[in-house]
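Architecture at a glance
Single-letter residue listing:
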Amino acid sequence: MAVPISISRIADYDGRAVLLQGWLQNKRSSGKLRFLQLRDGTGVVQCVLFKGDVSPDLFERSAGLTQESSLRVRGVVREDRRSPLGYEIGVTDIEVVQESDPYPITPKAHGTAFLMDHRHLWLRSSRQHAILRVRSEVIRACRNYFDEREFVLTDSPIFTPSSCEGTTTLFQTDYFDDQAYLTQSGQLYLEASAMAFGKVYCFGPTFRAEKSKTRRHLTEFWMVEPEVAYLDLNGDMDLAEDFVSTVVQQVLTCRREELELLQRDLEPLERVRKPFPRISYTEAVDILNRSGVSHRWGDDFGGDEETVLAEHFDRPVLVHRYPASCKAFYMKGDPDDGRLALCMDMLAPEGYGEIIGGGQREDDLEELRRKIAEHRLDETPFQWYLDLRRYGSVPHAGFGLGIERTVAWICGLRHVRETIPFPRMLQRLYP
Ligand code: 4AD
Ligand code: MG
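Now for a quick tour of the structure. Residue indices begin from 1 for each chain and proceed along its sequence in written order. All chains are assigned letters beginning with A, and all ligands numbers beginning with 1, in the order in which they are written. Under the rules for a predicted model, residues below a pLDDT of 70 receive no local features and side-chain atom pairs below 80 are neither given nor counted, while totals for whole chains, interfaces and linings still include all residues. Water and hydrogen atoms play no part in the side-chain values, which are based on all heavy atoms of the structure.

1. Let's talk about the pattern of salt bridges
Any carboxyl oxygen of Asp or Glu that lies within 4 Å of a side-chain nitrogen of Lys or Arg is treated as forming a salt bridge with it. Evaluated as defined, the whole model comprises 39 salt bridges. Residue R264 is joined to E350 by a salt bridge in which the shortest nitrogen-to-oxygen separation is 2.8 Å. Separated by 86 residues along the polypeptide, R264 in the loop between α7 (256-261) and α8 (267-270) and E350 in the loop between β16 (343-348) and β17 (353-360) bring together distant segments of the chain. Under the scheme applied here, a residue whose accessible area is under 20% of the maximum for its type counts as buried, over 50% as exposed, and between as partly exposed, the area being computed with a 1.4 Å probe on protein chains only. Under the relative-accessibility criterion, R264 is labelled buried at 8%. One salt bridge connects E362 with K371, and the closest N-O pair in it is separated by 2.7 Å. This pair shows no difference in class: E362 is buried, exactly as K371 is. When salt bridges with common partners are traced through the structure, they connect K332, E362, D363, E367, R370, K371 and E374 into a single cluster. What counts as a helix is a DSSP run of H or I of at least four residues, what counts as a strand is a run of E of at least two, and both are numbered from the N terminus.

2. Points about the site of ligand 1
Proximity is defined per residue: if any heavy atom of the residue lies within 4 Å of a molecule or strand, that residue is considered near it. Around ligand 1, the structure places 22 residues, and the nearest of them are E165, Q187, R208, E225 and E354. The separation between a nitrogen atom of ligand 1 and a polar side-chain atom of E165 is 2.6 Å. At 3.3 Å from an oxygen atom of ligand 1 is found a main-chain nitrogen or oxygen belonging to I356. Summarising the interface, the protein chains cover 94% of the accessible area of ligand 1, which totals 630 Å² for the free molecule. When contributions to the shell around ligand 1 are tallied by element, the ones reaching two or more residues are β11 (220-229), β17 and β18 (396-402). Distance and chemistry together define a polar contact, namely a pair of N or O atoms within 3.5 Å, with one atom able to donate a hydrogen and the other to accept it when in protein, and with adjacent residues in sequence counting only for side-chain atoms on both sides. Working definition of accessibility: Shrake-Rupley area with a 1.4 Å probe, residue cover restricted to the visible protein chains.

Remember, this is a structural readout, not a statement about activity or role.
Structure below.
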């Protein structure tokens with residue numbers, strides 16, 4: 001009995017009888033031959049039925065097999081120079097596990113709304129397959145980066161009693177007799193972990209009730225967040241640029257085939273090496289005004305401003321020291337200029353906008369209490385967070401990288417919706 005093998009491993013079985021388990025992607029006939037394209041998730045291989053090699057019944061039936069029927073195919077691996085894989089299967093038998101109903105996604109072009117409604121099936125297409133493999137690699141690279149550098153994974157909770165990134169994008173939910181919010185960021189809890197372990201990170205889903213329909217916003221997105229005790233803003237920027245260049249280079253090495261399938265221009269990604277340029281918010285405003293985008297000092301940047309700024313650089317750019325009024329309550333103030341926060345954003349090139357937000361945290365108890373009040377937040381649910389400034393407070397910093405925006409950038413996709421298996425957006429909760 002042949003054991004099941006994956007199509008990606010086929011070269012190891014040249015001349016041997018194998019069993020493949022997959023789905024029928026396409027088929028065609030030519031006289032005494034039938035060609036079935038079998039997909040199993042690791043690759044696609046051509047399976048050839050020769051009339052004389054299989055039962056008359058199977059030969060007859062194979063002509064009518066529908067797209068996406070699930071099949072167990074037995075046959076012999078043989079070299080075929082014309083196929084991209086270098087091998088094909090000489091079929092000896094096929095077991096039809098389920099004959100598919102007429103498949104809604106056909107090779108003809110479909111609109112995005114239709115494809116999004118059929119996201120559960122759309123995942124099977126080669127483009128989606130490539131994107132999600134890149135996503136998987138990005139996540140692996142992120143985890144490896146921190147795991148290999150003495151960071152401890154300390155995941156933060158999803159149910160939280162308070163906001164982290166402003167109260168306007170909170171998802172509220174019942175929590176027995178109380179109410180809770182879905183987390184916007186693991187940061188606050190990560191700060192507690194950093195005081196326990198020194199260097200920590202968390203990786204998980206985060207939620208924001210974003211009422212805007214943009215190509216960069218999801219309501220549920222994944223973030224990887226490191227947090228480090230005794231780190232200042234400069235050290236935080238060093239960490240961010242080393243991290244992002246390492247992740248991009250790993251994906252380029254390990255997922256080149258997928259990026260080529262997506263027709264991604266690899267040259268701009270090859271350039272993603274440190275050091276990254278660093279400019280202050282104030283310098284960024286000057287660049288905008290010189291570029292004909294009039295921008296008032298004090299206003300936050302939106303996607304359009306970020307795109308224009310990034311066009312001035314050939315790799316990601318770090319923008320630091322935004323006005324404190326644009327940023328969250330926990331940011332440490334700049335000792336050299338009280339109007340500014342010791343924060344930074346990393347903007348990706350080619351119009352992909354902000355992929356990282358972070359900075360140094362306020363570590364002084366009274367300053368932090370003042371900021372909580374200034375942001376009109378109730379201090380009660382933050383008592384534990386204030387404790388971190390009572391018991392051995394130290395300078396510390398960290399950041400969060402959005403996985404979907406990073407994948408969109410690396411894959412060269414205009415919209416983030418294809419970078420996550422099942423996107424959640426303002427008008428989408430299905431499938
Ligand atoms: O800049 P943000 O809001 O920073 C924080 O949440 C910090 N507490 C993180 C930290 O310091 N530990 O979000 C970080 C990143 C953004 O740069 C962006 O990549 C992504 O998260 N992001 C989103 N991605 C998709 N959809 C959204 N609605 C996003 N909001 C933020
Ligand atoms: Mg931000």
